[in-house]
Every structure is written in structure tokens, then in C-alpha cells.
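So the chains spell out like this:
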Amino acid sequence: MQPWLFILVNMIVAAFVGGLTNHFAIKMLFHPRQAIYFLGKRIPFTPGLIPKRKSQIAESLGDVVASYLVTTEGLRELLAQENFRQAAADKLNAKLTKIAHMEPGLTLQSIGTSYWGEEGWATRKADWSGSVRDYLHNGLEEIWIKRGWSTRTVAETVPGWSEETILSWSQTAENMIVNALREEILSSRGQRLLRQLASGMLDKAGGFLGALAGIFMDEDKMIERLTPMLLEQLGGEAVRTAIRGMIARQLEAAGEWTLEQAVSRFAGDEEPLVWMKLKLDDVLRLEERLERLEAYDISQWLLHNEPVWRKWVQTIMQTSFQLLNRNMHTIIEAIGLPALVKQQVEKFPIERLEHIILSVSGKEFKAITWLGAVLGGLIGLFQSAFILWFM
């Protein structure tokens with residue numbers, strides 16, 4: 001064989017072997033996906049490197065991400081950057097501005113139906129109102145039964161209950177009653193009532209005295225005399241003292257009632273706890289309030305109160321960033337970033353990972369293959385030259 005042909009054949013064979021070796025080395029990073037067995041024994045280098053070490057790679061990647069990439073200090077530095085804060089606020093402002101100009105306007109009902117549909121939204125509304133009602137009822141039972149409020153007296157329950165307080169309340173109630181009576185007497189309705197009383201008195205008098213009173217005094221004259229007399233009596237200390245004493249005695253007696261006895265006076269035949277739950281439902285009217293809330297036009301409010309909510313956005317963003325900054329270490333620990341990264345990497349399909357790596361580094365892998373061929377060819381050249389030198 002001619003020397004040049006010998007060198008050429010050796011270079012071609014060596015280049016082919018070098019290129020093929022590198023090509024298979026790259027392929028064996030991802031293939032085979034599963035272990036291959038022959039006669040009950042696993043063939044070496046199966047599965048490929050990445051499928052075989054996927055769990056270890058995921059664990060190491062999680063440690064790298066948590067220790068060097070996504071760290072508490074790095075996130076705090078990011079949150080401290082003014083441009084990042086402003087960008088976050090601008091995005092939120094832009095989103096709210098878009099909502100403000102929506103037609104038709106955004107409502108809780110439209111949000112709910114878009115996520116769960118009409119039937120699903122209706123079901124969730126009923127569940128929410130029922131949950132709130134149950135929570136309030138359970139809280140009322142907790143206070144009333146388990147904490148023993150039903151057996152507490154009114155005097156023990158009302159803050160500042162004392163003789164001085166009773167006297168003060170009695171005087172206040174006395175003034176209110178007297179003033180209300182004075183206003184009622186001087187009103188047109190009060191005057192009509194006095195006229196009816198005067199007419200009844202004359203009718204019941206009868207006999208000679210009744211006839212005589214009817215001759216010399218009619219209803220209007222009686223009202224003219226009766227009105228100032230009643231007002232004078234109401235302003236007198238005797239009437240005021242009587243009213244005040246009556247109220248004070250009633251308050252003293254009420255102070256000895258238990259709360260259950262006090263509520264029973266309003267509940268009638270109803271059990272006190274049941275009555276309070278019903279009254280609580282009547283006051284709250286959860287379904288009605290929820291219906292009004294879900295129909296409220298959020299877009300219109302945003303449109304007409306832009307300066308207000310823009311100021312709120314700045315305050316909320318500042319407070320949120322401060323809260324995140326103070327609790328960043330706790331948040332990172334609670335997330336469990338290494339375990340999270342490991343879990344996500346382990347779930348990631350090998351095929352998809354291979355596609356991503358080859359799409360990014362495909363040219364480099366081809367260069368490695370050709371580099372193996374070039375190196376193999378050079379080795380074949382030197383090997384052939386060495387053999388020919390010693391022949």
C-alpha cells in the first residue's frame with residue numbers, strides 16, 4: 001500500500017471513530033431512558049447519565065438555586081430597588097386603569113361567574129353566607145354557653161355599673177321623658193288628645209255639676225287651663241323625683257337579672273339563644289348584603305376615585321414591600337425552595353429537557369462531535385507517520 005494511502009485510510013478511520021465516540025457520548029447523556037437488561041443483568045451505562053442521576057441532579061439544583069440564585073439577601077436587594085418598586089406600582093396602576101374603563105363595569109358577580117359559572121357562583125355565595133352565619137352562631141354559643149355569659153348578671157356585664165351610674169342614667173332618662181312629654185303636650189297631636197280627655201270629663205260629670213260646667217266652660221277653655229298646669233307639674237321637682245326614683249328602682253332590679261333572664265323578657269316564649277340568633281340574622285341580612293355587594297360596579301368607583309386609589313396603591317405597595325422585607329427569611333423557609341425545585345425537576349420530562357438543552361446547545365454539541373473527528377484524524381496522522389518512520 002502506498003504510504004500516502006495508508007496515512008489517508010488511518011486518518012479517515014480515526015476521524016470516524018473519534019466523531020462517532022463523541023456523538024455517542026453526547027447521546028448517552030439522555031439515552032437510553034430506562035435500564036436495559038440482558039440475561040438478568042443490567043447492561044453498563046444504562047440508563048443514560050441524566051435519567052440515572054435525575055434525582056441527584058434535582059437535589060443539587062435545588063441546593064444551588066436556594067444557596068446562590070434565589071437567596072434572602074438577593075430578594076431583599078431586589079425589593080429595595082426603587083425602579084423595581086415603581087415598576088410593580090405602575091403595573092398595578094395600569095391594571096386598575098384598564099378595569100376602570102371596562103364596559104360593562106367589573107362586578108364581583110361578573111368575576112365569580114367568569115370563574116365558576118352562574119350555578120357555581122350561586123352555590124359559592126350560599127356556602128359563604130352559610131359559613132359566615134355558622135361562624136357567628138358558633139361564636140355566640142361559645143360566649144353564651146361555654147364562657148357562661150348566660151348566668152352573668154346585668155350588673156356584672158355592663159361596664160361601670162354602680163349606684164352613681166344608676167343615678168346618672170336615671171337623671172338622663174328622667175330629662176328625656178319629661179322633655180318628650182312636654183313636646184308631646186304642646187304638639188298638635190297632644191292638644192287633640194287633651195281635647196278628647198276634656199270632652200270625656202265633661203260627658204262623665206253628668207248631673208247638675210256637669211250641666212253647670214258645660215255652661216261656663218267649654219273644651220277649649222279647659223285645654224287652655226289644663227296645658228300650662230300639666231307643664232308646670234312636669235317641671236316640678238316632685239314629678240321629676242318620682243320619675244327618677246321609679247327608673248332607679250327598675251335599674252337596680254334589672255342589675256340583679258342574669259343575661260338569660262334579661263333576654264327572656266324580650267324573647268317571650270322563644271328560647272333566649274335561639275332568639276338572639278334570629279335577631280342577629282335579621283340585623284345582618286347576609287344574603288341581602290352579599291347581593292348588594294356583588295352588584296356594586298367596581299369600575300365606576302375606580303373611574304371616579306382615581307386619585308384616591310392611586311394613593312392607596314402607593315401605600316399598599318410600600319407596606320407590602322416592607323412586610324416582605326421583614327419576613328423574607330421566614331417566607332423562603334416556609335416555601336422550602338430546595339425541595340420545591342427538586343420536586344419540579346423530578347416531574348420535568350426527560351424528553352422535554354433534552355429538547356431544551358439541544359435547542360440551546362445543539363451547535364456546541366455538533367462542534368464537539370466534529371472536534372472528536374478532527375482530533376481522531378490528527379491522531380491517525382501521527383500514528384501513521386510513527387509507523388512508517390519505524391518500518
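In this text, all values refer to a predicted model and were calculated from it rather than measured experimentally.

(A) Seen up close, a negative patch on the surface. Among the surface-exposed residues, E260, D269, E270 and E271 lie close enough to one another that they form a single negatively charged patch. Position of E270 among the secondary structure elements: in the loop between α13 (259-267) and α14 (272-284). A relative accessible area of 37% places E270 in the partly exposed class.

(B) Up close: the pattern of salt bridges. Following the criterion strictly, the structure yields 13 salt bridges and no others. Here E294 and K125 are joined by a salt bridge, their closest N and O atoms 2.9 Å apart. Of this pair, E294 sits in helix α15 (residues 286-295) while K125 sits in helix α6 (residues 108-146), placing them 169 residues apart in sequence. Since its relative accessible area comes to 18%, K125 is described here as buried. Where E142 meets R147, a salt bridge forms, and the shortest distance between an N and an O atom there is 3.8 Å. Judged by its relative accessible area of 30%, E142 falls in the partly exposed class. For R147, a relative accessible area of 57% puts it in the exposed group. A network of salt bridges, in which partner residues are shared, links E174, E237, R240 and R244.

(C) Structural detail: the packing of aromatic side chains. Counted under the stated rule, the structure contains eight aromatic pairs. Ring plane angle 55° and centroid distance 5.9 Å describe the contact between F84 and F321, whose orientation is recorded as tilted. Residue F84 is located in helix α5 (residues 82-100), and its partner F321 is located in helix α17 (residues 306-326); the two are separated by 237 residues in the primary sequence. Here F266 and W275 contribute two aromatic rings whose centre-to-centre distance is 6.5 Å and whose plane-to-plane angle is 20°, an arrangement assigned as stacked. Note on F266: relative accessible area 65%, which makes it exposed. By relative accessible area, which is 22% here, W275 ends up partly exposed. Ring pairing ties together the aromatic residues Y115, W116, W121 and W128, which thus form one cluster. Against the face of W149 rests R152, its NZ or CZ located 4.5 Å from the ring centre. Seen from the ring of W257, R265 lies directly overhead, with NZ or CZ sitting 3.8 Å from the centre.

Criteria and thresholds
- Residues numbered from 1 in each chain as written.
- Predicted model: local features only at pLDDT ≥ 70, side-chain atom pairs only at ≥ 80, totals over all residues.
- Heavy atoms only, no water.
- Patch = residues over 30% accessible without salt bridge, like charges linked within 9 Å, V, L, I, M, F, W, Y side chains within 5 Å.
- Areas by Shrake-Rupley, 256 points an atom, 1.4 Å probe, with all protein chains shown as cover.
- Salt bridge = Lys/Arg side-chain N within 4 Å of Asp/Glu carboxyl O.
- Lys, Arg positive; Asp, Glu negative; His and termini not counted.
- Charge placed at Lys NZ, Arg CZ, Asp CG, Glu CD.
- Helix = DSSP H or I, 4+ residues; strand = E, 2+ residues; numbered from the N terminus.
- Buried < 20%, exposed > 50% of the residue type's maximum accessible area, 1.4 Å probe, protein only.
- Phe/Tyr/Trp six-rings, centres within 6.5 Å; stacked < 30°, edge-to-face > 60°.
- Lys NZ or Arg CZ within 6 Å of the ring centre and 35° of its normal.

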